[in-house]
Amino acid sequence: MKALTESGKTITIDDRYEIKRGGEGKILTIPELPNQVAKIYLSSNYQHMSQAQKNALACLDASLFVKPLELILDKKTKAILGFTMEYISPDFVPLAAFYNKSYCATAGVDDDFKLKVAEKILAGVQSAHSHDIIIGDLSGLNILVNVQGEIRFIDTDSYETAVHTHWGVLLDEIRDYLYQGQVSKNSDYFAVSVILFNLFTNLHPFKGVHKTIKSMAERMINKIPVFAQNPDLILPKCYQPIQNPALQNQYNDLYLQGNRFLLQLIAPLPTQTATPVPSTLPTVATTLKYKEIYKLQAGEKFRKAYFTQRLGYVQTNMQTLFFDANNQGYLTPKATFSYSSNNEKYFVGNKNLLRQRQFDLEVWQSGQNWLTLSNVKLSETARLHQEQDVLVVLDGDFMRLLHIDDIIQDQIRIDQTPAFTAGFDTLYSLVQNVGGVQYVWYHSGKTLSTVKTSLPVENAFIVGNVGIAMHETNQNGEIALAYEYFSLQNLQMHLTGERVHELRNFAVKVVNPQTAYIFEPADDKIVVRKADNAQIVQEMACSLITTATTLQLAQAGIIAYEQDFCYLLNT
């Protein structure tokens, strides 16, 4: 359909150009305005925008806030359909991604980066409040961040201004239950303290497990954060307590005393790994043998490991080590490549190792030689995502599937499909939005297949036809995030009802076409689940493992890594 901007420009509103859809509206690119997108409300019941609200938000700093630019009007009735706003490129991801230690390791994020981002977030809150604007839903999903440390606050149309009252719809993890969940400047102070605590420590301040007080709301009301001296608290191993006394004192004041104020950052932000309370869950007696794959040098950190059944690589901030993974219990070194830049990426199949260097893809050959593939050329905006032995390239108006192990001389087999590539999310797995319908892509054996999601997912982590979906739930009017296992069978997405506390980087072992098992990292153990229904069948004790560990399977065994270690495990 055609619509008008308030300045009189005719624009196209077409679901083919959809990027994202939520409960209130959909986000679409605008062919006539390449640097802008449209937010179109799904119903007049959800509409926040008016001329007065747009004017009230105009004072927001455009370098921090994605604010309304122009109203979008129905051509005939002149009713408000939505508004235009700045287009944010796909290299911006939700702040919540940086709560995850594995993601931070891959992205090369350290405490200095987090401090830089936190300072900008606090400046944004302070700036909004100086104009008597209340943010409200100040969650880690409504702030976008890129690897350069730039930030953007989104969903600004719902902000409370002099002409618009906030509806009070926000995630439970940032709702201030101690003060009845009321939206105010004080609730913004509470919410921003929560998201920054999560950023600094890898844990929400009111999560972990309490033996008697189960709900997060009750923990907030009873003033029992994770750093409370409470014998009934069980803390996950990923938790890294704040060691800066001045900063910790502010959190004591916020959560133990119940005072509300804007956090003041004090650099540096040193953290240390907590000594967790041992889990009381029973484990099956097993023997897991482990050996260190590579010992880090001074100043070196693991960034990523990726293994197929036969080959794999381990990447640090200094080098990339390439291994043969064919033999049970052994990884045989094949080559080592020195680190050059963040723009250099590796992709491995069962036969071949590829390397991206700027706009080229190269295949490794024996003798430390790289051969440039002649039938692949990447643009500056190309996004690459690997699903087992298939490399997905989202570039321009096409999705290309590159079959890593199907290379003849300097040419790789490519399956090319026209696609609106801006509608793909590649944060953890491949999720596509098309005209109000959401699909997940998965490796179905020899290539990739799609399945329509049975509910809108914010993110998903998928291995083969098994995944964990992050989605919103609404219980008694409270909105919360759930992390639920699902399987992809008979072209359908089947939710299992089995939930975990966050996305886990699990591995999958396929025994035969009917039987597969999930290997899920947990504190001090690996949880083994049936792949079809995610039911737990075994727990293997292993003191190395935490919920933040990434697990992968090869012929050699289980590869387990975090930023500070990388081991090969065998039973």
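The rules behind each value
- Residues numbered from 1 in each chain as written.
- Predicted model: local features only at pLDDT ≥ 70, side-chain atom pairs only at ≥ 80, totals over all residues.
- Heavy atoms only, no water.
- Helix = DSSP H or I, 4+ residues; strand = E, 2+ residues; numbered from the N terminus.
- Buried < 20%, exposed > 50% of the residue type's maximum accessible area, 1.4 Å probe, protein only.
- Lys, Arg positive; Asp, Glu negative; His and termini not counted.
- Salt bridge = Lys/Arg side-chain N within 4 Å of Asp/Glu carboxyl O.
- Polar contact = N/O pair within 3.5 Å; in protein donor to acceptor, adjacent residues only side chain to side chain.
- Contact = heavy atoms within 4.5 Å.
- Pairing = 2+ DSSP bridges.
- Expected span 1.5 Å × (residues − 1).

Bringing the side chain of Arg219 into the picture now. Tracing the backbone through its elements, the reader meets Arg219 in helix α5 (residues 216-221). Among buried Asp, Glu, Lys and Arg side chains, Arg219 stands out as unpaired, with Glu218 the closest opposite charge at 9.4 Å. A polar side-chain atom of Arg219 sits 3.4 Å from the main-chain carbonyl oxygen of Phe206. When sequence neighbours within four positions are dropped, the list of residues in contact with Arg219 reads Pro205, Phe206, Lys207, Gly208, His210, Ile213, Ile224, Pro225, Val226 and Leu233.

Most of strand β40 (residues 565-570) sits inside the fold, with 6 of its 6 residues counted as buried. The alternating pattern of β40 places Phe565, Tyr567 and Leu569 on one face and Cys566, Leu568 and Asn570 on the opposite face, and all of these are buried. Summarising the sheet, strand β39 (residues 557-562) and β40 pair through 5 bridges and their orientation is antiparallel. Along β40, the bridge assignment pairs Ile559 with Leu568. Here β39 hands over to β40 after 2 residues, the two strands then running antiparallel side by side.

Before going further, it helps to examine helix α4 (residues 185-201). For α4, which comprises 17 residues, the first-to-last C-alpha distance of 24 Å matches the rise-based estimate of 24 Å (1.5 Å per residue) to within 8%. Where burial is concerned, most of α4 is hidden: 15 out of the 17 residues are buried. Positive phi shows up at Asn202, right after α4, with a value of about 70°.

All right, on to the pairing of strand β36 (residues 525-530) then. Within β36, 5 of the 6 residues are buried, leaving the element largely enclosed by the surrounding structure. Pairing geometry for strand β35 (residues 515-522) and β36, over 6 bridges, is antiparallel. The residue bridging Ile518 from the neighbouring strand is Arg529, located in β36. Linking β35 to β36, which pair antiparallel, is a turn of 2 residues; within it Asp524 sits at a positive phi near 65°. As paired elements, β36 and strand β37 (residues 536-541) share 5 bridges and run antiparallel to each other. Counterpart to Val527 in the pairing with β37 is Glu539.

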